[in-house]
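# A structural walkthrough
The primary structure of each chain is shown beneath.
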Amino acid sequence: MISRRRKFEERFFKVLMLGSTVVVIGSLLVILGTVVVKSLPALRFSMLVQTPKGGYYLGKEGGILNAILGSLYLAGGATLLAVVLSLPVVLYLNLYAKKASAFATVARFALDVMWGIPSIVYGAFGFVVMMSLGLRASLLAGVITVALLEIPIMARAMDEVVRLVPRPLLDASVSLGATRFETAIKVAARQALPGIVTAVLIAFGRGIGDAASVLFTAGFTDNVPTSLLRPAATLPLAIFFQLGSPVLEVRERAYASAAILTLIVLAISLVSRVLVRKYGRHTIR
Amino acid sequence: MTLSSHIRIRDLSVSYGDQEVLKHVSLDIPDRKITVIIGPSGCGKTTLLKAMNRLLDSVEGARVSGTILVDDEDLYDPKAELTHIRKKMGLLSQKPQVLPMSIFDNIAFGPRIHGLRDKRRLSALVERELRAAGLFEEVKDRLHEPASRLSVGQQQRLCLARGLAVEPEIILGDEPTSALDPLSSRIVERRLIELKSDYTVIVVTHILRQARRIADYVAFLYLGELVEHGDAAEVLGSPRDPRTKAYVTGEIS
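Nothing here was measured: the structure is a model prediction, and the numbers come from that model. Every residue gets a number counted from 1 within its own chain, in the order that chain's sequence is written. All chains are assigned letters beginning at A, and all ligands numbers beginning at 1, according to the order in which they are written. Under the rules for a predicted model, residues below a pLDDT of 70 receive no local features and side-chain atom pairs below 80 are neither given nor counted, while totals for whole chains, interfaces and linings still include all residues.

## Overview of the interface of chain B and chain A
Taken together, the contact between chain B and chain A spans 22 residues of the former and 21 residues of the latter. Secondary structure elements with two or more residues in the side of chain B that touches chain A: helix H2 (82-88) and helix H3 (103-113) of chain B. In this count, Pro and Cys sit with the nonpolar residues alongside Ala, Val, Leu, Ile, Met, Phe, Trp and Tyr, while Asp, Glu, Lys and Arg are called charged and the others, Gly among them, polar. Among the residues making up the side of chain B that touches chain A, the classes are represented as 10 nonpolar, eight polar and four charged. Our contact criterion uses C-beta atoms placed from the backbone: two residues qualify when those atoms are within 7 Å. Strands are runs of DSSP state E lasting at least 2 residues, helices are runs of H or I lasting at least 4, and numbering of each runs from the N terminus.

Structure, rendered in structure tokens:
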């Protein structure tokens, strides 16, 4: 016979858990709802295909094409750079280095610390480097800074999956005469591919949505990005500037920018599920 | 019986950290015969097998002394080329380790990394190995499907076919049928017996009846020491050492 106290405990915590879930889902719905509702007046197809017109920064007419393309180029470039750096590190740590080697420990610790660095610090760092090199705000500076932001996120997520590749699988590959590199690329990376794809997309989502790291490094502009060495607009900063405008139409456009950004991140999430299904066919569970 | 031998193990000792797992093992493995290594769990049988294709290199803290000579080449010579050594030996693990790719690519993996690119020759090779493993009819319509969809018994036969595709000289089996159902076990055993005419086969097992079924030569390991070795009928039927006797009669296991 269960005591009254235990019965109460059970019911209490069930209610608490359900309540928390409702709050979380509710918050998401409220955020999405607010953004959608407030962006409706301003959300028009012309918004997506025009750059701002009629004034310095954020003109009264026109659209946010500058920020959409700027964000895609910047986050795309940064993510690419981050992959080129993260994947080899993770493969090395898991498949080449001895588990307890000093180098591996230091590398993992460095990544852990980098993970915790706030994005504004990356932005400030990027700014300092630019100043010392005599460069101005540019797409390239933004790409490099956001790549630094993304690397610890991507590397940690990749590390989690690559370290799960079972040793006997690696032994089997090596027993066929494969080199460590061949084993790393053709077997380990293949097995961990769904997780690797997810890691890349998580990092992309983080990178495209960050404002602090691009504020001083990528600058802002009304034009679509045409060169790596000129400033580029980004959606997070577009929202920031537009929201602070005295012009009502521009403020409304901020919500449209927010809606577009949210949509991009949602699309990435869906794309990741599709890709994981496609590339994870061969993964052994 | 004079047995020619191109694998000679000389004074091999292995320790993991402080623990001595193999103590001064010296053994000549006869050519083109099935040598079965038996012994109670923890006696070092798997370690001995892994020492043969230098898989111990990837085990942290493993120290190896002594040597293994294959065709008079010292496997543990610092200048020895690892992929060359490992290509000579095919490994069949206890739990089938299919690679995360299609059935076709699993078999083609070895030949491809060793340089074979020609599509027609690869197809022919894959078909040949699958037929020899008795798998071709079962999988011919789904060669490009993930290998992980096969049953465990089929996977193990695939792994054997994959190992044979790189044309090794020696086949190493680490309890190759422990994870399989009786029917698949019999199929794998029969295949190993067929293979001994062309390959030297070394199998580790804890199933004495399997040893009796397939062994030509038997080596008994106990607590890291090579206690007795010789002709299967002698070691299993009339062992000389009391420890061997205790093991084969089932007193210790």
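## Digging into the sheet that holds strand S5 (residues 73-74) of chain B
Residues and elements named next belong to chain B. Strands pair, by our definition, only if DSSP identifies at least two bridges between them. With respect to topology, four strands assemble into an open sheet ordered S2-S1-S4-S5, the strand pairing being antiparallel. Taken across any chain shown, the strands that pair with only one partner, and hence form the sheet edges, are strand S2 (19-29) and S5. Alignment of strand S1 (residues 7-16) against S2, held across seven bridges, turns out to be antiparallel. Opposite Ser15, over in S2, you have Glu20 as the bridge partner. Against the sheet, helix H1 (residues 45-52) touches S1, S2 and strand S4 (62-70), its axis set at about 60° to S2. To obtain an axis, a line is fitted to C-alpha atoms, over the contacting stretch when the element is a helix, and the angle between two such axes runs from 0 to 180 degrees between their N-to-C directions.

## Digging into helix H7 (residues 182-195) of chain B
Under the 1.5 Å per step criterion, the end-to-end length of H7 of chain B is 20 Å for 14 residues, consistent within 8% with the ideal 20 Å. Packed against the buried residues of H7 of chain B are strand S3 (34-38), helix H6 (152-164), strand S7 (170-174), strand S8 (200-204) and helix H8 (208-214) of chain B. By definition here, a helix of n residues has an expected span of 1.5 Å times n minus one.

## Looking at the packing of helix H11 (residues 235-243) of chain A against helix H12 (residues 248-279) of chain A
Residues and elements named next belong to chain A. Orientation of H11 relative to H12, taken along the N-to-C sense of each, is 160°, at an axis distance of 8 Å. Comparing their axes, H12 and H11 come out roughly antiparallel. Between H11 and H12 the crossing geometry is left-handed. Taken together, the residues of H12 that come into contact with H11 (itself represented by Leu235, Pro236, Ala238, Ile239, Gln242 and Leu243) are Val250, Arg251, Arg253, Ala254, Ser257, Ala258, Ile260 and Leu261. Considered class by class, the residues forming the contact of H11 with H12 number 10 nonpolar, two polar and two charged. Roughly parallel here means an angle under 35 degrees, roughly antiparallel means over 145, roughly perpendicular means 65 to 115, and every remaining angle is called oblique. If you view the pair so one helix is near and one far, a crossing is left-handed when the near helix is turned anticlockwise from the far one by less than a right angle, and right-handed when it is turned clockwise.

## Quick word on helix H4 (residues 119-132) of chain B
The periodicity of an α-helix, 3.6 residues per turn, causes residues three or four positions apart to be oriented the same way. Residues and elements named next belong to chain B. For H4, built from 14 residues, the straight-helix expectation of 20 Å at 1.5 Å per residue is met to within 8% by its first-to-last C-alpha distance of 20 Å. With C-beta atoms placed from the backbone, a residue counts as buried when 20 or more other C-beta atoms lie within 10 Å of its own, as exposed when 12 or fewer do, and as partly exposed for counts between those limits. All of the buried residues in H4 are Val126, Glu129 and Leu130. Projected down its long axis, H4 carries its buried residues within an arc of 100°, all on one side. For H4, the exposed residues lying more than 90 degrees away from the buried face are Arg120, Arg121 and Ala124. Considering only its buried residues, H4 is in contact with H3, helix H5 (136-139) and H6. The first or second residue beyond H4 is Gly134, which carries a positive phi of 70°. The reported arc concerns the directions from the helix axis to the C-beta atoms and nothing else.

## Regarding the packing of H3 of chain B against H4 of chain B
The axes of two packed helices give the description: the angle between them and the distance between them. Residue and element names in this part refer to chain B. In contact at an axis separation of 10 Å, H3 and H4 are set at 115° when each is read in the N-to-C sense. It follows that H3 is roughly perpendicular to H4 by the angle criterion. The hand of the H3/H4 crossing is right-handed. Residues Phe104, Ile107, Ala108 and Pro111 of H3 form the contact with H4, whose participating residues are Leu122, Leu125, Val126, Glu129 and Leu130.

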